[in-house]
Amino acid sequence: NTSGKAVTCWAAIAWKKNSPLSIEEVQVEPPKAGEVRIKMISSGICGSDDHVLKGTFPVKFPLIPGHEGAGIVESIGDKVSSVKPGDKVLTLIIPQCRECNSCLHRKGNFCEKQDVLPSSGLMLDGTSRFTCKGKSIYHSFRVSTFTEYSVVPEIAVAKIDDAAPMDKVCLISCGVPTGYGAAVQSAKVTPGSTCVIFGLGGVGSAIVMGCKASGASRIIGVDINEKKFSQARALGVTDCLNPRKLKKPVQEVVMEMTGVGVDFAFEAVGLVDTMTAAWESCNKSYGVCLIVGLASPESQLSLEAAKIITGKTLKGVCLGDYKTKDCIPQLVADYLQNKINIDPLVTHQLPFDQLHKALELYHAGEVIRCVLLF
Ligand code: APR
Ligand code: ZN
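These figures come from a predicted structure and were not determined experimentally. (Residues numbered from 1 in each chain as written. Chains lettered and ligands numbered in written order. Predicted model: local features only at pLDDT ≥ 70, side-chain atom pairs only at ≥ 80, totals over all residues. Heavy atoms only, no water.)

A. Here's a closer look at the pairing of strand β11 (residues 194-198). Of all five residues in β11, five are buried; the element is thus mostly enclosed. On β11, burial covers both faces: Thr194, Val196 and Phe198 on one face and Cys195 and Ile197 on the other are all buried. Bridging between β11 and strand β12 (residues 218-222) involves five bridges; their strand directions are parallel. Within β12, the position partnered with Cys195 by the bridge is Ile219. Regarding topology, helix α4 (residues 202-213) serves as the crossover connection from β11 to the parallel β12, and that connection is right-handed. (Buried < 20%, exposed > 50% of the residue type's maximum accessible area, 1.4 Å probe, protein only. Helix = DSSP H or I, 4+ residues; strand = E, 2+ residues; numbered from the N terminus. Pairing = 2+ DSSP bridges. Right-handed = clockwise from strand over helix to strand, strands pointing away.)

Here is the structure:
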């Protein structure tokens, strides 16, 4: 029984930005009040982890990266009531505290207890639960998952169905709600509509699934990596565009293809240029542009001001607008009842000790999602 004691286990540490991860022995403290310690079972590798490791998204180093996790509660701190040891849970990069302005608002989901923007790398009490070689290690978004054990706030875990296949459902921690929710919950894509999706990675593919499920009749997929096109077509993309092979800007091509611009444009890359292209692909009167990708906080978006008056909408969306702790278990239930199928998104699975191979496959653009198995 490990409850109440520090656990020694393997974890991946990024000692500084842009350097290879090293798998090290770490000590994971027991959970304090309002916290839970999880034995990780699986973790996805998400585009946001890549932004973190490259340093394009600012965080504190050294840290244990990863945030798209599925695990089993090993022990709980004082005052924890929503989960107990043995429960299957998903980590929540955006928690749901149920007390802040955003949580109490009917529509808000960007809980004020989040640790993404800005990122302290510490638990809610301002301290870390990880040490390596006597040195304190930062958490990633309070939900580090590239580790055999992690401590996370109770508000940042969602209890899920015991029947959930743990080697896949980690995607429902982040990529699936982020993408699928952007289409069905935030944009509310309408039957017969035309959509364009910039970026056909894990998140973009989940957006395609949401557009298809909502009855969109034309779904244009944009990516600079043509290896993503066959999978995108299988999920419902009707037209694929590689901006690097076009003679004019991609938004002009989308305008020509559709005549009037799209009803819904989604950006799932995290770059200013693709955000601008998505905005300019929208119908000027009723088009809606959704920003799903995580941009660097230093970057600025510049839009032609006069063209906003024509009626189009620019909307940001995080975790699909879902109130995470309430809604994410329902997505797992929907998966178990075959209402959504996440299986095509899991193109690769590798044991945690092959993390470097998994990152190589990610960087080579070979995967939609590679799931790490502990
Ligand atoms: N134009 C079009 N597509 C691009 C471009 C570009 N300039 N640059 C990269 N891409 C494509 C990549 O080839 C890849 O297929 O965007 C895709 C990104 O996919 P992933 O790396 O799998 O990332 P994902 O997990 O899908 O996340 C996408 O959403 O919330 C976020 O932070 C996340 O910003 C990230 C975005
Ligand atoms: Zn909150």
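B. Inspection of the nonpolar core at higher detail. By size, the foremost hydrophobic cluster in this structure holds 92 residues, and its most contacted members are Val169, Ile172, Val189, Ile207, Cys211, Phe266 and Leu355. For this core, the element with the highest residue contribution is α4, accounting for six residues. Formed jointly, this core draws a minimum of three residues from each of two domains, domain 1 (7-173 + 342-373) and domain 2 (179-318). (Core = buried A, V, L, I, M, F, W, Y, C linked by side-chain atoms within 4.5 Å. Domains from an automatic or database assignment.)

C. Inspection of the side chain of Gln231 at higher detail. Looking at the element boundaries, Gln231 is found in helix α5 (residues 229-235). For Gln231, a relative accessible area of 17% corresponds to the buried category. Once residues within four sequence positions are removed from consideration, Gln231 is found in contact with Pro344, Leu345, Thr347 and Ile368. (Contact = heavy atoms within 4.5 Å.)

D. Local environment of helix α7 (residues 272-280). Of the residues making up α7, those classed as buried are Thr274, Met275, Thr276, Ala277, Ala278 and Trp279. Buried positions along α7 lie against β11, α6 (250-258), β14 (264-267), β15 (288-291) and β16 (313-316).

E. Structural detail: the coordination of the zinc ion (ligand 2). Listed as protein donors to the zinc ion (ligand 2) are Cys97 (SG), Cys100 (SG), Cys103 (SG) and Cys111 (SG); their distances from the metal cover 2.2 to 2.4 Å. In this structure, the zinc ion (ligand 2) is coordinated by four donor atoms arranged in tetrahedral fashion, with angles at the metal of 103 to 123 degrees. Each donor residue of the zinc ion (ligand 2) lies on one chain, and together they are spaced C-x2-C-x2-C-x7-C. Taken together, the residues Cys97 in the loop between β6 (88-91) and α2 (101-104) and Cys111 in the loop between α2 and β7 (130-132) connect sequence positions 14 residues apart. Overall, Cys111 belongs to the buried group, its relative accessible area being 0%. (Donors = N, O, S within 2.8 Å, 3.2 Å for Na, K, Ca; no water. Tetrahedral: all angles 85-135°; square planar, octahedral: opposite > 155°, others 65-115°.)

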